[in-house]
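Listed below are the residues making up each chain.
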Amino acid sequence: MQTLHSLDPLRRAVAALRQSPDGPKTVALVPTMGALHEGHLTLVREARKQADHVVVSIFVNPLQFGANEDLDKYPRQLERDCALLEAEGVDLVWAPTVEAMYPQGFATNISVTGVSDGLCGASRPGHFDGVATVVCKLFHQVLPDVALFGEKDWQQLAVIRRMARDLDLTSPHADAVLGVATVREEDGLAMSSRNAYLTAEQRLQAVTLPMAMKVAIAGIRNGDPVAACIGHLKDALLAGGFSSVDYAELRDADSLAPLDSRGTAPMRLLVAARIGTTRLIDNMAVLPE
Ligand code: PAF
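Definitions and limits used
- Residues numbered from 1 in each chain as written.
- Predicted model: local features only at pLDDT ≥ 70, side-chain atom pairs only at ≥ 80, totals over all residues.
- Heavy atoms only, no water.
- Helix = DSSP H or I, 4+ residues; strand = E, 2+ residues; numbered from the N terminus.
- Rg over C-alpha atoms; globule rule 2.2 N^0.38 Å.
- Buried < 20%, exposed > 50% of the residue type's maximum accessible area, 1.4 Å probe, protein only.
- Contact = heavy atoms within 4.5 Å.
- Areas by Shrake-Rupley, 256 points an atom, 1.4 Å probe, with all protein chains shown as cover.
- Lys, Arg positive; Asp, Glu negative; His and termini not counted.
- Charge placed at Lys NZ, Arg CZ, Asp CG, Glu CD.
- Pairing = 2+ DSSP bridges.
- Right-handed = clockwise from strand over helix to strand, strands pointing away.
- Near = heavy atom within 4 Å.
- Polar contact = N/O pair within 3.5 Å; in protein donor to acceptor, adjacent residues only side chain to side chain.
- Nonpolar A, V, L, I, M, F, W, Y, C, P; charged D, E, K, R; others polar.
- Phe/Tyr/Trp six-rings, centres within 6.5 Å; stacked < 30°, edge-to-face > 60°.
- Lys NZ or Arg CZ within 6 Å of the ring centre and 35° of its normal.
- Axes fitted to C-alpha atoms, helices over the stretch in contact; angles between N-to-C directions.

The secondary structure content of the protein chain amounts to ten helices and nine strands. Here the C-alpha radius of gyration of the protein chain, 20 Å, is about what a compact globule of 289 residues would show, namely 19 Å. With the C-alpha coordinates aligned to their principal axes, the bounding extent of the protein chain is approximately 60 × 40 × 40 Å. For the protein chain, the residues scored as buried account for 49% of the 289 residues in total. The long-range fraction of contacts in the protein chain, counting pairs at least 24 apart against all pairs at least 6 apart in sequence, stands at 71%. Split by element, the accessible area of the protein chain, about 13,900 Å² in all, is 53% carbon and sulfur. Here the protein chain contributes 27 positive and 35 negative side-chain charges, whose respective centroids are spaced 0 Å apart.

As structure tokens, this is what we get:
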């Protein structure tokens, strides 16, 4: 497994991966910010099924951090991450420096309107512009046949899908932006690097989130008013130990248009709530997929 930090060697290495005497090989990209956990490794395993070779990018992207979000404190553990990726059979780790990704004078911003608005976009202004800009660059750098993202960050996935379609980043014949189902702990809590910030008591309380979401989804499927189901969900979170609920909303799964009643197109229930200072997010399909 090679680990590369600058663009020219990366391009040469990806071109070499593609070449083989028995015909061209395919490449899957898994973009990450490192500090890898089982959720990331699930993306890598899925990527290996989707393509001949797997490239994982590790880059803590300054553009997607707000002024009040601590970029410097974000965990950086490249050696440990590379050992995990090597054990998973990854071919190439693309770990650019900030200067390699954003050379002096970098001035371009990609903004995907609509899907970036509201939900996490409301409390993190500019965040999805930062994500879209770096992911667009990663697509151009690696030129993958397929790229994989976790469904846990559903709004991020919707932003990237919209951008990939709008900017012709992937083949028009296949949706090459693949969402991979959220990996959950045994009790149902979605895996996240943020779970590590929870105290033992908060970790027990956190399970209220997936449990209350499932109850709300059962109600919506049953035809109960959406506003009442969401009201009960918020009450359950606060009663279960959460300190506040940033949002709990029913949205169209693709366009993320807000829905106030149950439809027939795929829908997602999306929630962000805080336990102490830790903000947890989760989302679930409302109808079976
Ligand atoms: O989900 C993440 O880890 C990041 O937002 C991504 C997609 C790697 C872009 O920096």
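For strand β2 (residues 27-32), a buried count of six out of six residues is recorded, marking the element as mostly surrounded by other parts of the structure. Side chains of β2 alternate between two faces, with V27, L29 and P31 and A28, V30 and T32 buried alike. Sheet analysis places β2 next to strand β3 (residues 53-58), joined by six bridges and oriented parallel. The residue bridging A28 from the neighbouring strand is V54, located in β3. Handedness of the β-α-β unit built from β2, helix α2 (residues 38-50) and β3 comes out right-handed.

This brings us to the site of the ligand. Every residue close to the ligand is listed here: P31, T32, M33, Q64, V131, V134 and Q156. A distance of 2.6 Å is found between an oxygen atom of the ligand and a side-chain nitrogen or oxygen belonging to Q64. Q156 is positioned such that a nitrogen or oxygen atom in its side chain is 2.7 Å from an oxygen atom of the ligand. Burial of the ligand by the surrounding chains reaches 88%, relative to a free accessible area of 290 Å². When contributions to the shell around the ligand are tallied by element, the ones reaching two or more residues are β2 and α6 (127-142). Among the residues forming the shell around the ligand, the class breakdown is four nonpolar, three polar and no charged.

Per the counting criterion, the structure on display carries three aromatic pairs. Judged by centre distance (5.9 Å) and plane angle (55 degrees), the ring pair of F59 and Y102 falls under tilted. A residue pair is termed long-range when its members are at least 10 positions apart, and F59 in the loop between β3 and α3 (78-87) and Y102 in the loop between α4 (98-101) and α5 (120-123) qualify at 43 residues. Pair check on accessibility: F59 and Y102 agree, each one buried. One residue, R268, lies across the ring of W154, its end atom 3.8 Å from the ring centre.

We now examine the sheet that holds strand β6 (residues 177-180). On the basis of which strands lie adjacent, the open sheet formed by six strands has the order β1-β4-β3-β2-β5-β6 and parallel pairing. Looking at the sheet topology across the chains shown, the edges are occupied by β1 (2-4) and β6. Within the sheet, the average angular offset between the axes of one strand and its neighbour, ignoring direction, is 25 degrees. For strand β5 (residues 146-150) and β6, the ladder comprises four bridges, and the chain directions are parallel. In the strand pairing of β6, F149 is matched with G179. Across the sheet, α2 touches β2, β3, β5 and β6, and the angle it forms with β5 is around 155 degrees. Here helix α7 (residues 154-166) sits on the sheet and contacts β5 and β6; the angle it forms with β6, its principal contact strand, is near 165 degrees.

For the rest of this paragraph, the subject is the sheet that holds strand β8 (residues 267-275). The three strands are arranged β7-β8-β9 in an open sheet whose pairing can be described as antiparallel. Only two strands of the sheet have a single neighbouring strand rather than two, namely β7 (244-252) and β9 (278-285). Between one strand and the next, the sheet's axes are offset by a mean angle of 10 degrees, whatever the strand orientation. The pairing of β7 with β8 spans eight bridges and is classified as antiparallel. From the neighbouring strand, V245 faces β8, where its bridge partner is A273. Helix-sheet contacts for helix α9 (residues 208-221) involve β7, β8 and β9, and the interaxial angle to β9 is about 35 degrees.

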